[in-house]
Amino acid sequence: MNAAPQLLFDALSLGGIYAMAALGIALIFGVMNLVNFAHGNYIAFCVFALILPSSDVVAVMFIGKLPTLLLIPVILAIGAGIAVASEYVIFRHMRGATPVAMMISSFALGFVIQNVMLTVYSSRAKAISLWPDLNTPVDIAGASIPLLQLIVIATTLIVVAGLALLLKKTRIGLEMRAAAENFTMARLLGVRANVVITGAFALSGALAAAVALIMATQTGVADIRMGGQIMLTAFIATVIGGLGSLPGAVAAGFLIGAISVVLQTFLPLEIRAFRDAFLYLFVIVILLAKPQGLFALRSAGPRV
Amino acid sequence: MARLGVFDLSVRYGKVPALMDVSLHLDEGERLFVAGPNGAGKSSLLKAISGAVPTTHGRIEMDGELLSGRAPENIARLGLSMVPEGREIFGTLSVEENLRVGTGIRRDYQAIAEDMQEIYQSFPVLHERRHTSAGDLSGGQQQMLAIGRALMTNPKLLMVDEPSLGLAPNIVDQVYDTLIALQKARGLTLLIVEQSSVRAARVGGRMVVLRGGKVVATGDAGEFAESDLLNEAYFGQSKAPSGAETHR
Ligand SMILES: Nc1ncnc2c1ncn2[C@@H]1O[C@H](COP(=O)(O)OP(=O)(O)O)[C@@H](O)[C@H]1O
Ligand SMILES: [Mg+2]
C-alpha cells in the first residue's frame, strides 16, 4: 500500500470537481457580476434527469439508460438548457440590477428548482447505478485507484484545456473575455450582450452537468440536496481565485481539493470531524493575505 | 442630411441632470470639438450618442436613422465608434486582441486585415507590442490602441473623449497628427472632446462649448483661441481670469 500516490489522486480528483463547479460560477460572474447560487440546483437537476420522474423510492433509469456516447451530450445539453432558460426567464430582466438583488434572485430560483424536484421526485435519496464499472480500482504506482478518479482528472484536464482553447482561439471566446473585463466597452465595439451572456450560461450549465455525471457515478445516489455542498465549496473557490478569474477558479478549486484531502488524511482522528472548520480557517487566512483573491483581475470596468 | 444630428437632448443620472436640451449637428467629413469645464456634460453627450447611457428626452440621428433607444452594439453596427475618456482598453487582452474585438460586426475580411496593417503603420509601437498585454502599455500607447481599436469597426463617425488627458505634449501631437491623417484618408467624421482651445485651433474645426449641461457657445475653434470667448463661456460673464486658457 503506497499512500502518496493515493493522496495525490484523491486530491486531484476532488480538486477537479471543485474546479469545474467553480469555473461554472466564475464564467457567469465574469460577464454579468452575478453569483448564481442556483448552480448547485442545476447539478441536482441533471442528476435527476438521469432517472424517470416518479416519487418511488426505487429509481428507474431513463436518460441514464442511453448509450454513453449519447448520454453525455444529452445531459450536457440539459444542463446548458436549464441554465440558458433561467437566464432568459429571470436574469435577462435583471441586467443593471445590483449584484445583491441578482444574487438573491438566484437563491430564489434555486429554491424553486429544488421544490419542483421535491414535488416530482419526493425528498428521499434514491440509489442509482450509472456506470458502476468505473468504481473498480486499477493499480497505479503501488496504489489502487478507482478508475473513476482517473476519468475525473482526465475530464477536468480536457474541460479546462477545451475552455482555454475556446476562450483563446474563437470569436465568441474573445468577446467573452472582453465582456468579462468591461461589458459596456465591449458593447460599444459591437459585441452583442445577449450572445455573450447566453454563451456563458450555456457553458456554465454544461459544466454543472459534467459535475452531475461525476457525482452520480461516484456516490451512486440521487439526492435533491446534492448540489448544495459543492456549490458552497465552489463559490469559495471562485472568491479565493479572484471573482470572475477563470484561471483563479481552477487553481483555487484544486487548492481546496488538496487541502481537504490533506486534512482528511493527517488530522488526528478525534478532530477529523472538524475538517471543514480547518479548511475554512485556511480560506480566511488566504483572504486576509489577499483580499482580492489569488488571481485578481487587473481591471474591473462597469458591467451591463 | 447631417451625418450626426442631436436635437434637444437631455440626460440625467437619477435626479442629477447632466445635459439639458442640447442640440448640435455634424456634416459628413467634418470635425467638431466639444469643450467645457469639468462636469459640463461632455462625456455624457458622447455616452448618450453611443448608447452607453439612456437619453431622458430628445432625439439623436445618424444619417437620418434614429440612434436614441438603440443598444450600443446596434449603434456600433450603424457605423459609430467611440474612444472613451480614460481609454478603457482591455488590459488582460493582448494589443492585437484589443484591435480584433470590434471586427465582429464586419464581414469584409480582406479589408479588416488591411485596416489592421494601416493602424500598425500609423502606430508602429502597437505592432512591436502586438502580443503583450494591453495593460502593460504606457498611457500614450493605450490612447493609440484605443483609437486603433475604435477604427477597426470601420466607423463613419468617430468620437474621441479627451485624447490629450494625461499625455505628454509631444505624444498629444502624434495622436492628433494621426487622427487628422486618418480622417483625410478615410473621409471620417470626427467629434473630439478637447479642453484646450489652442490645441483645437491648431488642428482646426468647429467648436461647441458646454457648461452646466447646456451649449453656451459655438463657433470656429480659431476664434475661441484668439479671444476670451472660451473663458467667458467657461466661467460666465467677465469673471474670466485673463490669459488663463483652459484650466479646470
Ligand atoms: N454615472 C454617473 N452617475 C451620476 N452622475 C454622473 C455620472 N456620470 C456623470 N455624472 C454627473 O453628470 C455631470 C456631467 O458629467 P460628465 O458628462 O462626465 O462631464 P464632463 O465629461 O464634461 O466632465 C456631472 O455633474 C457629473 O457629476
Ligand atoms: Mg468627461
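The shown structure was predicted, so the numbers you read here are calculated from the model rather than taken from an experiment.

What counts, and where the lines are drawn
- Residues numbered from 1 in each chain as written.
- Chains lettered and ligands numbered in written order.
- Predicted model: local features only at pLDDT ≥ 70, side-chain atom pairs only at ≥ 80, totals over all residues.
- Heavy atoms only, no water.
- Helix = DSSP H or I, 4+ residues; strand = E, 2+ residues; numbered from the N terminus.
- Buried < 20%, exposed > 50% of the residue type's maximum accessible area, 1.4 Å probe, protein only.
- Contact = heavy atoms within 4.5 Å.
- Areas by Shrake-Rupley, 256 points an atom, 1.4 Å probe, with all protein chains shown as cover.
- Lys, Arg positive; Asp, Glu negative; His and termini not counted.
- Charge placed at Lys NZ, Arg CZ, Asp CG, Glu CD.
- 1 Å grid on protein atoms, 1.4 Å probe; cavity = no way out; pocket = protein on both sides within 12 Å on 5 of 7 lines; lining within 4 Å.
- Points joined across faces, edges and corners; volume = space filled by probe spheres on them.
- Nonpolar A, V, L, I, M, F, W, Y, C, P; charged D, E, K, R; others polar.
- Near = heavy atom within 4 Å.
- Polar contact = N/O pair within 3.5 Å; in protein donor to acceptor, adjacent residues only side chain to side chain.
- Axes fitted to C-alpha atoms, helices over the stretch in contact; angles between N-to-C directions.
- Parallel < 35°, antiparallel > 145°, perpendicular 65-115°, else oblique.
- Left-handed = near helix turned anticlockwise from the far one by under 90°.
- pLDDT = per-residue confidence, 0-100.
- Phe/Tyr/Trp six-rings, centres within 6.5 Å; stacked < 30°, edge-to-face > 60°.
- Pairing = 2+ DSSP bridges.
- Donors = N, O, S within 2.8 Å, 3.2 Å for Na, K, Ca; no water.
- Buried area = accessible area lost by both parts, 1.4 Å probe.
- Salt bridge = Lys/Arg side-chain N within 4 Å of Asp/Glu carboxyl O.
- Expected span 1.5 Å × (residues − 1).
- Arc of directions from axis to C-beta.

Enquirer: Could you clarify how one ought to interpret the overall build of chain A in this entry?
Expert: In terms of helices and strands, chain A carries 11 helices and four strands. Its C-alpha atoms put chain A at 60 × 45 × 35 Å along the principal axes. Scored against the burial criterion, the 304 residues of chain A give a buried share of 50%. Long-range contacts, defined as pairs at least 24 residues apart, comprise 76% of the intrachain contacts of chain A with a sequence gap of at least 6. For chain A, the exposed area adds up to about 13100 Å²; of that, 73% sits on carbon and sulfur atoms. Averaged over its 17 positive side-chain charges, chain A has a centre that lies 14 Å from the centre of its 10 negative ones.

Enquirer: Help me out: how do you make sense of the layout of surface pockets in this one?
Expert: All names here are of chain A. Considered as a void within the structure, the largest pocket measures approximately 580 Å³ in volume. If you trace the largest pocket, you find 25 residues lining it, with L167, R177, S245, L246 and P247 closest to the centre. Residue assignment for the lining of the largest pocket shows that the elements contributing at least two residues are α1 (3–32), α5 (147–169), α6 (171–181) and α10 (246–266). Across the lining of the largest pocket, the residue classes tally to 17 nonpolar, four polar and four charged.

Enquirer: Looking at this structure, I do not really get the site of ligand 1. What am I missing?
Expert: All names here are of chain B. In the vicinity of ligand 1, the residues found are Y13, A18, P37, N38, G39, A40, G41, K42, S43 and S44. G41 is positioned with one of its backbone polar atoms (N or O) 3.0 Å from an oxygen atom of ligand 1. Protein contact buries 61% of the 550 Å² of open area that ligand 1 shows by itself. Counting residues per element, the shell around ligand 1 draws most heavily on helix α1 (residues 42–50), at three residues. Residues belonging to the shell around ligand 1 are distributed by class as follows: four nonpolar, five polar and one charged.

Enquirer: I would appreciate a short explanation of the packing of helix α9 (residues 226–241) of chain A against α10 of chain A in the present structure.
Expert: Geometrically, a packed helix pair is captured by the angle between its two axes and the distance between the axes. Residues and elements named next belong to chain A. Running from amino to carboxyl end, α9 crosses α10 at an angle of 120°, the nearest separation of the two axes being 7 Å. On the basis of their axis angle, the class for α9 and α10 is oblique. With respect to the hand of their crossing, α9 and α10 are arranged in right-handed fashion. Of the residues in α10, those touching α9 at T233, I236, A237, T238, I240 and G241 are G248, A249, A252, G253 and I256.

Enquirer: I would appreciate a short explanation of the environment of E181 of chain A in the present structure.
Expert: Following the sequence through the fold, E181 of chain A ends up in helix α6. The class of E181 of chain A is buried, set by a relative accessible area of 4%. Here the alpha-carbon distance between E181 of chain A and V211 of chain A, two residues 30 residues apart in the chain, equals 27 Å. Separated by 2.4 Å, the side chain of E181 of chain A and the backbone nitrogen of G91 of chain B make a polar contact. A distance of 2.4 Å separates polar atoms of two side chains, one belonging to E181 of chain A and the other to T92 of chain B.

Enquirer: Can you help me understand the confidence of the model for chain A in this one?
Expert: Of all residues in chain A, 97% attain a pLDDT of 70 or more, and the chain-wide mean is 89. Across residues 299–304 of chain A, where pLDDT falls below 50, the model places 19 contacts with residues more than four positions away in sequence or in other chains.

Enquirer: Explanation requested: the packing of aromatic side chains in the structure shown.
Expert: Aromatic ring pairs are defined here through the distance separating the ring centres and the angle between the ring planes. All names here are of chain A. One pass over the structure, following the stated rule, counts four aromatic pairs over all chains. An angle of 10° between the planes, with centres 4.4 Å apart, marks the rings of F37 and F107 as stacked. You can see F37 sitting in the loop between α1 and α2 (39–48) and its partner F107 sitting in helix α4 (residues 99–121), a full 70 residues away along the chain. Overall, the relative accessible area of 38% leaves F107 in the partly exposed class. Here a set of aromatic residues connected by ring pairs shows up, and it is made of F37, F107 and F235.

Enquirer: How should the side chain of S81 of chain B be read in this particular structure?
Expert: Following the sequence through the fold, S81 of chain B ends up in strand β6 (residues 80–83). Within the local environment of S81 of chain B, its side chain forms a polar contact with the backbone oxygen of A150 of chain B, the two atoms lying 2.9 Å apart. One polar contact links S81 of chain B to T153 of chain B, side chain to side chain, over a distance of 3.3 Å. Sequence-distant contacts of S81 of chain B, defined by excluding residues within four places in its chain, comprise L189 of chain A together with A150, T153, P155, L157, L158 and M159 of chain B.

Enquirer: Mind showing me how you'd approach the sheet that holds strand β9 (residues 206–211) of chain B here?
Expert: Hydrogen bonding along the main chain pairs the strands of a sheet, whether they run parallel or antiparallel. Residues and elements named next belong to chain B. The strand order across the open sheet built from six strands is β6-β7-β8-β3-β9-β10, with neighbouring strands paired in mixed fashion. Looking at which strands have only one partner, the edges of the open sheet turn out to be β6 and β10 (214–220). Put simply, the sheet's adjacent strands are angled 15° from each other on average, direction ignored. Where β6 and strand β7 (residues 157–161) come together, four bridges link them in parallel fashion. Its bridge partner being in β7, S81 is matched across the sheet by L158. Strands in contact with helix α6 (residues 139–151) are β6 and β7; relative to β6, the strand with the most contacts, it is inclined by about 170°. Those strands touched by helix α7 (residues 169–186) are β3 (31–35), β7 and β8 (189–193), and its axis lies near 155° from that of β8.

Enquirer: Whenever I open this one, the coordination of the magnesium ion (ligand 2) confuses me. Can you help?
Expert: Each protein donor to the magnesium ion (ligand 2) is listed here as S43 of chain B (OG) and E85 of chain B (OE); together their distances run 2.0 to 2.4 Å. Of this pair, S43 of chain B sits in helix α1 while E85 of chain B is found in the loop between β6 and α3 (95–101), placing the two residues 42 residues apart along the sequence.

Enquirer: For this particular structure, what's the right way to read the pairing of strand β3 (residues 143–146) of chain A?
Expert: Two faces make up the sheet, and in a regular strand the side chains alternate between them. Residue and element names in this part refer to chain A. Residues A143 and I145 point to one face of β3 and are all buried, whereas S144 and P146, pointing to the other face, are not buried. Pairing geometry for strand β2 (residues 137–140) and β3, over four bridges, is antiparallel. Residue pairing in the sheet places P137 in a bridge with P146 of β3. Between β2 and β3, which follow one another and run antiparallel, lie two residues, and A141 among them has a positive phi close to 50°.

Enquirer: How do you make sense of the interface of chain B and chain A when you look at a structure like this?
Expert: Size of an interface, as often reported, equals the accessible area lost when the parts are brought together. In this assembly, 30 residues from chain B lie in contact with 20 residues from chain A. Of the roughly 2100 Å² buried between chain B and chain A on both sides combined, carbon and sulfur atoms contribute 56%. Among the residues chain B hides against chain A, the three largest losses belong to E73, F90 and V101 of chain B. Together they make up 26% of the total. Run the count over chain B and chain A and you get two salt bridges. On inspection of chain B and its partner chain A, the count reaches 10 residue pairs in polar contact (both at pLDDT 80 or more). Elements that contribute at least two residues to the side of chain B that touches chain A include exactly α2 (72–77), β6, α3 and α6 of chain B.

Enquirer: Would you take a moment to explain helix α11 (residues 275–289) of chain A for this structure?
Expert: Because each turn of an α-helix spans 3.6 residues, side chains separated by three or four positions in sequence point in the same direction. Residue and element names in this part refer to chain A. With 15 residues, α11 should cover 21 Å at 1.5 Å per step; its first-to-last C-alpha distance of 22 Å lies within 8% of that length. The complete set of buried residues in α11 reads L279, V283 and I286. Considered in projection along α11, the buried side chains sweep an arc of 65° and stay on one side of the axis. α11 presents L281, V285, L288 and A289 as exposed residues on the side facing more than 90 degrees away from its buried surface. Where α11 is buried, its residues touch α9 and α10.

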